[in-house]
Amino acid sequence: MSEPTDRQAVDVEGHRLVLTHLGRVLFPRTGETKAAALQYYARIAPVMVPHTAGRPASFVRAPEGPGGQRWYAKTPPAGLPDWVRTVEVTGSERPAPYVVVDSTASLVAVANLGAYEVHVPQWTADAGPDAHDRVVFDLDPGGGADLTDCCRVALRLREELTADGLTACPVVSGSKGLHLYACVEPAPQRAVSGYAKKLAERLAAEDPGRVTAVMAKAARPGRVFIDWSQNATAKTTAAPYTLRLKDRPAVAAPVTWDEVAACRDPGRLLLTPDQVLDRVERHGDLLDALGDPAALP
(Lines give C-alpha, C1' and ligand atoms only; values in the text may rest on other atoms or scores of the structure.)
Protein backbone atom coordinates (compact mmCIF):
# COMPACT_ATOMS: atom_id res chain seq x y z
CA MET A 1 0.00 0.00 0.00
CA SER A 2 1.53 3.32 -1.10
CA GLU A 3 1.02 6.76 0.38
CA PRO A 4 -2.71 7.44 -0.03
CA THR A 5 -4.96 10.26 -1.06
CA ASP A 6 -8.30 10.46 0.76
CA ARG A 7 -9.63 7.68 -1.47
CA GLN A 8 -7.53 5.05 -3.18
CA ALA A 9 -8.05 1.78 -5.07
CA VAL A 10 -5.52 -0.90 -4.12
CA ASP A 11 -4.89 -4.55 -4.85
CA VAL A 12 -4.49 -6.74 -1.77
CA GLU A 13 -3.74 -10.41 -2.43
CA GLY A 14 -5.48 -10.20 -5.78
CA HIS A 15 -8.58 -8.45 -4.42
CA ARG A 16 -9.48 -4.89 -5.39
CA LEU A 17 -10.35 -2.63 -2.47
CA VAL A 18 -11.36 1.00 -2.57
CA LEU A 19 -10.00 2.54 0.60
CA THR A 20 -11.95 5.59 1.74
CA HIS A 21 -11.63 8.52 4.17
CA LEU A 22 -7.90 7.87 4.42
CA GLY A 23 -7.18 11.33 5.79
CA ARG A 24 -9.69 11.01 8.62
CA VAL A 25 -7.97 11.53 11.98
CA LEU A 26 -8.90 8.60 14.21
CA PHE A 27 -6.78 9.59 17.20
CA PRO A 28 -6.87 13.39 17.65
CA ARG A 29 -4.50 13.27 20.61
CA THR A 30 -1.68 11.93 18.45
CA GLY A 31 -2.89 12.69 14.91
CA GLU A 32 -2.94 9.15 13.49
CA THR A 33 -5.26 8.75 10.54
CA LYS A 34 -7.30 5.94 9.08
CA ALA A 35 -4.55 5.48 6.51
CA ALA A 36 -2.09 4.69 9.31
CA ALA A 37 -4.50 2.15 10.81
CA LEU A 38 -4.90 0.38 7.48
CA GLN A 39 -1.13 0.42 6.91
CA TYR A 40 -0.66 -1.15 10.33
CA TYR A 41 -3.10 -3.95 9.59
CA ALA A 42 -1.59 -4.62 6.17
CA ARG A 43 1.85 -4.99 7.75
CA ILE A 44 0.89 -6.89 10.91
CA ALA A 45 -1.41 -9.36 9.12
CA PRO A 46 1.22 -12.13 8.67
CA VAL A 47 1.44 -12.59 12.46
CA MET A 48 -2.10 -11.53 13.39
CA VAL A 49 -4.12 -13.61 10.94
CA PRO A 50 -2.97 -17.00 12.34
CA HIS A 51 -4.66 -16.02 15.62
CA THR A 52 -7.95 -14.99 13.97
CA ALA A 53 -8.20 -17.45 11.06
CA GLY A 54 -11.06 -19.89 11.40
CA ARG A 55 -12.63 -18.02 14.30
CA PRO A 56 -15.97 -16.17 13.93
CA ALA A 57 -15.01 -12.55 14.53
CA SER A 58 -16.84 -9.69 16.18
CA PHE A 59 -15.76 -6.08 15.97
CA VAL A 60 -15.75 -2.80 17.80
CA ARG A 61 -16.82 -0.39 15.10
CA ALA A 62 -16.00 3.30 15.39
CA PRO A 63 -15.76 4.83 11.93
CA GLU A 64 -14.74 8.22 13.36
CA GLY A 65 -12.34 6.88 15.98
CA PRO A 66 -12.60 6.57 19.78
CA GLY A 67 -14.18 10.03 20.14
CA GLY A 68 -17.14 9.20 17.90
CA GLN A 69 -19.98 6.73 18.00
CA ARG A 70 -18.87 3.17 18.67
CA TRP A 71 -20.65 -0.14 18.93
CA TYR A 72 -19.92 -3.85 19.29
CA ALA A 73 -20.95 -5.64 16.10
CA LYS A 74 -21.30 -9.36 15.53
CA THR A 75 -22.82 -9.19 12.06
CA PRO A 76 -20.72 -8.47 8.95
CA PRO A 77 -20.32 -4.74 8.22
CA ALA A 78 -22.48 -3.33 5.45
CA GLY A 79 -20.52 -3.13 2.21
CA LEU A 80 -18.33 -6.14 3.03
CA PRO A 81 -16.84 -7.58 -0.20
CA ASP A 82 -18.41 -10.88 -1.20
CA TRP A 83 -15.01 -12.60 -1.26
CA VAL A 84 -14.54 -12.17 2.51
CA ARG A 85 -15.36 -15.49 4.15
CA THR A 86 -18.36 -15.67 6.46
CA VAL A 87 -19.68 -18.61 8.48
CA GLU A 88 -23.04 -19.40 10.02
CA VAL A 89 -22.92 -19.72 13.80
CA THR A 90 -25.84 -21.12 15.76
CA GLY A 91 -26.82 -18.87 18.65
CA SER A 92 -29.64 -18.80 21.16
CA GLU A 93 -32.18 -17.97 18.43
CA ARG A 94 -31.16 -18.79 14.85
CA PRO A 95 -27.94 -19.15 12.84
CA ALA A 96 -26.25 -15.82 12.10
CA PRO A 97 -23.39 -14.92 9.74
CA TYR A 98 -19.99 -13.98 11.16
CA VAL A 99 -16.89 -12.75 9.39
CA VAL A 100 -13.76 -14.91 9.45
CA VAL A 101 -10.58 -12.82 9.27
CA ASP A 102 -8.34 -15.30 7.50
CA SER A 103 -6.19 -13.16 5.19
CA THR A 104 -4.50 -9.79 4.88
CA ALA A 105 -7.17 -8.75 2.38
CA SER A 106 -10.07 -9.58 4.72
CA LEU A 107 -8.38 -7.81 7.64
CA VAL A 108 -7.85 -4.64 5.61
CA ALA A 109 -11.39 -4.89 4.20
CA VAL A 110 -13.11 -4.92 7.59
CA ALA A 111 -10.88 -2.15 8.94
CA ASN A 112 -11.68 -0.07 5.87
CA LEU A 113 -15.35 -0.32 6.92
CA GLY A 114 -14.60 1.10 10.37
CA ALA A 115 -14.31 -2.25 12.18
CA TYR A 116 -11.01 -1.38 13.86
CA GLU A 117 -11.01 -3.78 16.82
CA VAL A 118 -11.14 -7.51 16.10
CA HIS A 119 -12.41 -9.87 18.80
CA VAL A 120 -12.52 -13.67 18.54
CA PRO A 121 -13.68 -16.61 20.68
CA GLN A 122 -11.51 -19.47 21.94
CA TRP A 123 -12.89 -21.93 19.38
CA THR A 124 -12.92 -22.27 15.59
CA ALA A 125 -15.92 -22.37 13.30
CA ASP A 126 -14.89 -25.69 11.75
CA ALA A 127 -14.49 -27.50 15.09
CA GLY A 128 -17.58 -25.88 16.55
CA PRO A 129 -18.31 -24.03 19.78
CA ASP A 130 -18.03 -27.16 21.93
CA ALA A 131 -14.37 -27.70 21.05
CA HIS A 132 -12.41 -24.87 22.65
CA ASP A 133 -8.73 -25.00 21.73
CA ARG A 134 -7.44 -22.17 23.93
CA VAL A 135 -7.93 -21.10 27.50
CA VAL A 136 -7.68 -17.37 28.25
CA PHE A 137 -7.46 -15.38 31.47
CA ASP A 138 -8.21 -11.65 31.31
CA LEU A 139 -6.48 -9.87 34.19
CA ASP A 140 -8.35 -6.63 34.79
CA PRO A 141 -7.16 -4.15 37.45
CA GLY A 142 -9.76 -2.47 39.63
CA GLY A 143 -9.49 1.09 40.94
CA GLY A 144 -6.21 1.60 42.77
CA ALA A 145 -4.53 -1.27 40.91
CA ASP A 146 -2.80 -1.15 37.53
CA LEU A 147 -0.92 -3.20 34.96
CA THR A 148 2.01 -3.76 37.32
CA ASP A 149 -0.36 -5.58 39.69
CA CYS A 150 -1.65 -7.64 36.77
CA CYS A 151 1.92 -8.64 35.99
CA ARG A 152 2.48 -9.88 39.54
CA VAL A 153 -0.70 -11.96 39.38
CA ALA A 154 0.21 -13.24 35.91
CA LEU A 155 3.52 -14.62 37.19
CA ARG A 156 1.71 -16.58 39.90
CA LEU A 157 -0.91 -17.77 37.43
CA ARG A 158 1.85 -18.92 35.10
CA GLU A 159 3.25 -21.13 37.87
CA GLU A 160 -0.08 -22.88 38.26
CA LEU A 161 -0.53 -23.34 34.52
CA THR A 162 2.98 -24.73 34.16
CA ALA A 163 2.32 -27.19 36.98
CA ASP A 164 -0.72 -28.35 35.04
CA GLY A 165 1.34 -28.89 31.88
CA LEU A 166 0.10 -25.78 30.06
CA THR A 167 2.34 -23.17 28.41
CA ALA A 168 1.07 -19.65 29.04
CA CYS A 169 1.88 -16.59 26.94
CA PRO A 170 1.15 -13.00 28.05
CA VAL A 171 -0.50 -10.37 25.85
CA VAL A 172 -0.96 -6.82 27.09
CA SER A 173 -4.59 -5.96 26.36
CA GLY A 174 -3.87 -2.52 24.91
CA SER A 175 -6.10 -1.13 27.64
CA LYS A 176 -5.46 -1.52 31.38
CA GLY A 177 -4.80 -5.21 31.78
CA LEU A 178 -3.18 -8.39 30.57
CA HIS A 179 -4.37 -11.55 28.81
CA LEU A 180 -2.84 -14.97 29.33
CA TYR A 181 -3.35 -17.63 26.64
CA ALA A 182 -2.61 -21.34 26.66
CA CYS A 183 -3.32 -23.86 23.92
CA VAL A 184 -5.35 -26.87 24.99
CA GLU A 185 -6.54 -30.01 23.29
CA PRO A 186 -10.09 -29.29 22.07
CA ALA A 187 -12.49 -29.58 24.99
CA PRO A 188 -16.10 -28.60 25.77
CA GLN A 189 -16.81 -25.14 27.12
CA ARG A 190 -17.80 -26.49 30.51
CA ALA A 191 -14.40 -28.15 30.92
CA VAL A 192 -12.37 -25.11 29.85
CA SER A 193 -14.47 -22.57 31.73
CA GLY A 194 -14.60 -24.83 34.76
CA TYR A 195 -10.83 -25.18 34.81
CA ALA A 196 -10.29 -21.44 34.42
CA LYS A 197 -12.80 -20.61 37.15
CA LYS A 198 -11.27 -23.10 39.57
CA LEU A 199 -7.80 -21.69 38.99
CA ALA A 200 -8.98 -18.07 39.38
CA GLU A 201 -10.78 -18.93 42.62
CA ARG A 202 -7.70 -20.72 43.94
CA LEU A 203 -5.53 -17.64 43.43
CA ALA A 204 -8.19 -15.39 44.95
CA ALA A 205 -8.36 -17.56 48.06
CA GLU A 206 -4.57 -17.58 48.29
CA ASP A 207 -4.18 -13.80 47.98
CA PRO A 208 -7.56 -12.11 48.64
CA GLY A 209 -5.98 -8.71 49.14
CA ARG A 210 -4.66 -8.66 45.60
CA VAL A 211 -6.88 -11.00 43.58
CA THR A 212 -10.60 -11.52 43.04
CA ALA A 213 -12.46 -14.01 40.87
CA VAL A 214 -15.75 -12.18 41.40
CA MET A 215 -17.12 -10.08 38.55
CA ALA A 216 -19.00 -7.57 40.74
CA LYS A 217 -17.45 -4.09 40.59
CA ALA A 218 -17.65 -3.79 44.35
CA ALA A 219 -15.15 -6.64 44.71
CA ARG A 220 -12.50 -5.07 42.49
CA PRO A 221 -11.03 -1.92 44.12
CA GLY A 222 -7.34 -2.44 44.78
CA ARG A 223 -7.46 -5.94 43.30
CA VAL A 224 -6.90 -7.71 40.00
CA PHE A 225 -9.99 -9.45 38.69
CA ILE A 226 -9.12 -12.72 36.95
CA ASP A 227 -11.88 -12.87 34.39
CA TRP A 228 -12.25 -16.56 33.59
CA SER A 229 -15.67 -16.05 31.94
CA GLN A 230 -14.19 -15.16 28.54
CA ASN A 231 -13.87 -18.90 27.98
CA ALA A 232 -17.63 -19.12 27.55
CA THR A 233 -18.68 -20.05 24.04
CA ALA A 234 -20.55 -16.76 23.52
CA LYS A 235 -17.68 -14.58 24.79
CA THR A 236 -14.82 -13.10 22.78
CA THR A 237 -11.44 -11.55 23.61
CA ALA A 238 -9.56 -8.80 21.80
CA ALA A 239 -7.45 -10.69 19.26
CA PRO A 240 -3.67 -10.58 19.56
CA TYR A 241 -2.29 -7.66 17.54
CA THR A 242 -5.64 -5.90 17.15
CA LEU A 243 -5.76 -2.13 17.47
CA ARG A 244 -7.62 -0.84 20.51
CA LEU A 245 -9.79 2.26 20.28
CA LYS A 246 -8.41 4.31 23.13
CA ASP A 247 -7.51 8.00 23.27
CA ARG A 248 -4.22 7.12 21.62
CA PRO A 249 -3.45 4.19 19.29
CA ALA A 250 -2.67 1.05 21.26
CA VAL A 251 -2.37 -2.65 20.47
CA ALA A 252 -3.18 -5.93 22.19
CA ALA A 253 0.43 -7.07 21.93
CA PRO A 254 2.33 -10.19 22.98
CA VAL A 255 5.13 -9.54 25.44
CA THR A 256 7.81 -11.70 27.03
CA TRP A 257 7.75 -13.13 30.52
CA ASP A 258 10.95 -11.22 31.23
CA GLU A 259 9.08 -8.00 30.41
CA VAL A 260 6.22 -9.03 32.67
CA ALA A 261 8.58 -9.79 35.54
CA ALA A 262 10.45 -6.48 35.09
CA CYS A 263 7.37 -4.26 34.75
CA ARG A 264 7.33 -1.48 37.33
CA ASP A 265 5.73 1.21 35.16
CA PRO A 266 2.41 0.49 33.36
CA GLY A 267 3.43 2.78 30.50
CA ARG A 268 6.36 0.55 29.57
CA LEU A 269 4.04 -2.16 28.29
CA LEU A 270 1.48 0.05 26.55
CA LEU A 271 2.70 -0.41 23.01
CA THR A 272 1.93 1.65 19.92
CA PRO A 273 1.40 0.15 16.44
CA ASP A 274 4.86 1.29 15.32
CA GLN A 275 6.48 -0.28 18.38
CA VAL A 276 4.65 -3.55 17.77
CA LEU A 277 5.68 -3.65 14.11
CA ASP A 278 9.29 -3.05 15.16
CA ARG A 279 9.09 -5.82 17.77
CA VAL A 280 7.71 -8.27 15.23
CA GLU A 281 10.45 -7.38 12.76
CA ARG A 282 13.08 -8.07 15.43
CA HIS A 283 11.54 -11.03 17.26
CA GLY A 284 8.76 -12.49 15.11
CA ASP A 285 5.52 -13.63 16.72
CA LEU A 286 6.07 -14.06 20.46
CA LEU A 287 2.92 -16.19 20.60
CA ASP A 288 4.81 -18.94 18.78
CA ALA A 289 5.92 -19.84 22.29
CA LEU A 290 2.45 -21.27 22.98
CA GLY A 291 3.65 -24.49 21.39
CA ASP A 292 1.59 -27.65 21.09
CA PRO A 293 -1.78 -27.98 22.82
CA ALA A 294 -1.94 -29.93 26.07
CA ALA A 295 -4.80 -31.71 27.76
CA LEU A 296 -6.56 -30.01 30.64
CA PRO A 297 -5.82 -31.69 33.96
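Bear in mind the structure is a predicted one, so any value in this text is a computation, not a measurement.

Novice: How should I be thinking about the pairing of strand 12 (residues 178–187) in this particular structure?
Specialist: The side chains of a regular strand alternate, first on one face of the sheet and then on the other. Taken across its ten residues, strand 12 has eight buried, putting it largely inside the fold. In this structure, strand 10 (residues 132–141) lies alongside strand 12, joined through seven bridges in antiparallel fashion. Looking at strand 12, one finds that Arg 134 is bridged to Cys 183. By the bridge criterion, five bridges tie strand 11 (residues 168–172) to strand 12 in an arrangement that is antiparallel. When the bridges of strand 12 are listed, Pro 170 appears paired with Leu 180.

Novice: How do you make sense of helix 4 (residues 189–206) when you look at a structure like this?
Specialist: Along an α-helix, a turn takes 3.6 residues, which lines up residues three or four apart on a common side. A rise of 1.5 Å per residue sets the reference length of helix 4, with its 18 residues, at 26 Å; its end C-alpha atoms lie 26 Å apart and thus fit the reference within 8%. Buried-residue contacts for helix 4 involve strand 10, helix 3 (147–163), strand 12, strand 13 (211–212) and strand 14 (224–227).

Novice: Please clarify how the packing of helix 3 against helix 4 should be interpreted in this entry.
Specialist: Any two packed helices are characterised by the angle at which their axes cross and by the distance between the axes. Running from N to C, helix 3 and helix 4 cross one another at 125 degrees; their axes reach a closest spacing of 11 Å. Judged on the interaxial angle alone, helix 4 and helix 3 are oblique. Remark: the crossing between helix 3 and helix 4 carries right-handed chirality. Here helix 3 contributes Val 153, Arg 156, Leu 157, Glu 160 and Leu 161 to the contact with helix 4, which in turn contributes Tyr 195, Leu 199, Arg 202, Leu 203 and Glu 206. Looking at the contact of helix 3 with helix 4 residue by residue, the class counts come to six nonpolar, no polar and four charged.

Novice: Help me understand the side chain of Ser 106, please; the structure alone is not making it clear to me.
Specialist: Among the structural elements, Ser 106 can be located in helix 2 (residues 104–112). On the basis of relative accessibility, which here comes to 1%, the residue Ser 106 falls in the buried class. Apart from residues lying up to four places away in sequence, Ser 106 is in contact with Trp 83, Val 84, Val 100 and Val 101.

Cut-offs used in this document
Residues numbered from 1 in each chain as written. Predicted model: local features only at pLDDT ≥ 70, side-chain atom pairs only at ≥ 80, totals over all residues. Heavy atoms only, no water. Buried < 20%, exposed > 50% of the residue type's maximum accessible area, 1.4 Å probe, protein only. Helix = DSSP H or I, 4+ residues; strand = E, 2+ residues; numbered from the N terminus. Pairing = 2+ DSSP bridges. Expected span 1.5 Å × (residues − 1). Contact = heavy atoms within 4.5 Å. Axes fitted to C-alpha atoms, helices over the stretch in contact; angles between N-to-C directions. Parallel < 35°, antiparallel > 145°, perpendicular 65-115°, else oblique. Left-handed = near helix turned anticlockwise from the far one by under 90°. Nonpolar A, V, L, I, M, F, W, Y, C, P; charged D, E, K, R; others polar.

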